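Residue-level structure breakdown
The residues making up each chain are set out below.
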Amino acid sequence: MTHDASRARLARFRAAMLRRGVVQAVLLHPATITYLTGFTALLYSRAIILMITQERTTLIVPGLEEEHARQKAAVDEMLVYYEHPERGTRGENAYDMLLTALDGGVVGLEYSTAPLALAERLRAQGIQIADIGGEILRMRLVKDPDEIERIRVAGQIAQVGVDVTLRESRPGVSQLAAETRGTQAMLERAAEIVPSATLVLLTFTTSGPETSLPHLITTPRRFTAPDLVIHSRQVSVDGYRAELERTYFIGEPTAEQRRLFAVMQAAQWAAIEACRPGTPMSAVDAAARRIIQEAGFGERAIHRTGHGLGIEAHEPPYLRWDVDDPLEPGMVVSIEPGFYLEGLAGYRHSDTVLVTEDGYELLTDYPRDLEAMILPAG
């Protein structure tokens, strides 16, 4: 995150604090800390707390994260609690350090993620608390140019992984083996274009009857011929994610499989085409769902058409039938309508889409038509 981006986000958040009458914000959600400081820890088994006032930003971290945080976190001050006797004191912990550092006044928490133990300790001290979480989520809905560029690069890397995985998908090859070769190709590509970036990868491959389960950890099952496969890649580059999924066949699909694929493909493209500023999110879902319903599979389209992509794997906005908020330029969403025939098969493509001032841009644009998704059986 650039210093300009950090300053702009803090200015907007501080304005929101003033509107809510919040004197100090106390933030623990990892995604929020990443968004406002640029710092991401590997694990959050120990409390990491960001404090924001109108004058200062303070990060409370455990000693084992001190060096990393000093390198990455865009904050004014850092308070460190230690676990070794050479530096620490008996019983030293993040919450005590926080209570000592608070100046009084209303404290803002993210109610959806703040630990209940923290809220109770603040109340026990006579400190008034208020929910500031909604303000942060609203800020994160629309991505700035720095965020969009990271997502764009993540999409390019994801396409490499999907392409190689598909080319490695042959009868007798295990799902894990094909997936691993795709991952290796992604890592090689990342080393060429973003050699200093932090990458996080989320991948799964399902085939045969298992495709009726929308989310499944990859097993060592070997591909057969014929076979139906759903392969999913989500790639994070320096904290920002893109997603790409494809449904494909090893060997010739049956006439019924072709029909079902065509329904899925038409539903996805209708939703992509609906991604324009001002369009209600429910209308994007409806564009895909209408096609699936007309084909007779409405009850098997069991999830929303898409979700926001950014710091988290799934984040607002949510493209659901009951969310009528309008799309705005700068929002980045997955478009992934799917339907699942229990115990038989599932069909789902997913792409990452940026809402622009006058329409949309595909940040993943790997082939999606049927002929491109039929792989040789031998």
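What this report covers is the structure whose coordinates are included nearby. Here the structure is a predicted model, which means the values were calculated and not measured.

What follows concerns the nonpolar core. Within the largest apolar cluster, 91 residues are counted, with the highest numbers of intra-cluster contacts made by F13, L27, I52, L59, I335, F339 and Y347. Ranked by residue count, the leading element in this core is helix α7 (residues 145–167), at 8 residues. The next biggest cluster of nonpolar side chains, apart from the first, holds 18 residues, and it includes L28, Y95, L109 and I127.

Enumeration according to the criterion identifies 29 salt bridges in this entry. In this structure, E66 engages R70 in a salt bridge whose closest nitrogen and oxygen atoms are separated by 3.1 Å. With E66 and R70 both in helix α3 (residues 66–72), this residue pair falls 4 residues apart, about one helical turn. On the accessibility criterion, R70 (49% relative accessible area) is partly exposed. Between R170 and E168 there is a salt bridge, with its nearest N and O atoms 3.6 Å apart.

Mapping A270 onto the fold places it in helix α9 (residues 255–273). Judged by its relative accessible area of 23%, A270 falls in the partly exposed class. If we ignore the near neighbours within four places in the chain, the residues touching A270 are A287 and I291.

Strand order in the open sheet made by the 6 strands is β4-β3-β2-β1-β5-β6, with mixed pairing throughout. Edge positions in the open sheet fall to β4 (77–81) and β6 (129–131), since each of these has one partner strand only. Between one strand and the next, the sheet's axes are offset by a mean angle of 25°, whatever the strand orientation. Pairing of strand β3 (residues 57–62) with β4, which is carried by 5 bridges, proceeds in the parallel orientation. Bridge pairing in β4 places P62 opposite Y81. Seen against the sheet, helix α5 (residues 116–124) touches β1 (24–27), β5 (107–109) and β6 and runs at an angle of roughly 165° to β5.

Conventions we followed
Each chain has its residues counted from 1, following the order in which its sequence is written. Under the rules for a predicted model, residues below a pLDDT of 70 receive no local features and side-chain atom pairs below 80 are neither given nor counted, while totals for whole chains, interfaces and linings still include all residues. Only hydrogens and water are set aside when side-chain values are computed; all heavy atoms of the structure are taken into account. Here, nonpolar core refers to any group of buried Ala, Val, Leu, Ile, Met, Phe, Trp, Tyr and Cys residues whose side-chain atoms link them within 4.5 Å. Only protein chains enter the accessibility calculation, which uses a 1.4 Å probe; a residue is then buried when its area is under 20% of its type maximum, exposed when over 50%, and partly exposed in between. Secondary structure elements are defined from DSSP: runs of H or I of at least 4 residues count as helices, runs of E of at least 2 residues count as strands, and each element is numbered from the N terminus. Any carboxyl oxygen of Asp or Glu within 4 Å of a side-chain nitrogen of Lys or Arg constitutes a salt bridge here. The contact definition used throughout considers only heavy atoms, calling two residues in contact when any of these lie within 4.5 Å. Strands pair, by our definition, only if DSSP identifies at least two bridges between them. What counts as an axis is a line fitted to C-alpha atoms, over the stretch in contact for a helix, and the angles between N-to-C directions run from 0 to 180 degrees.

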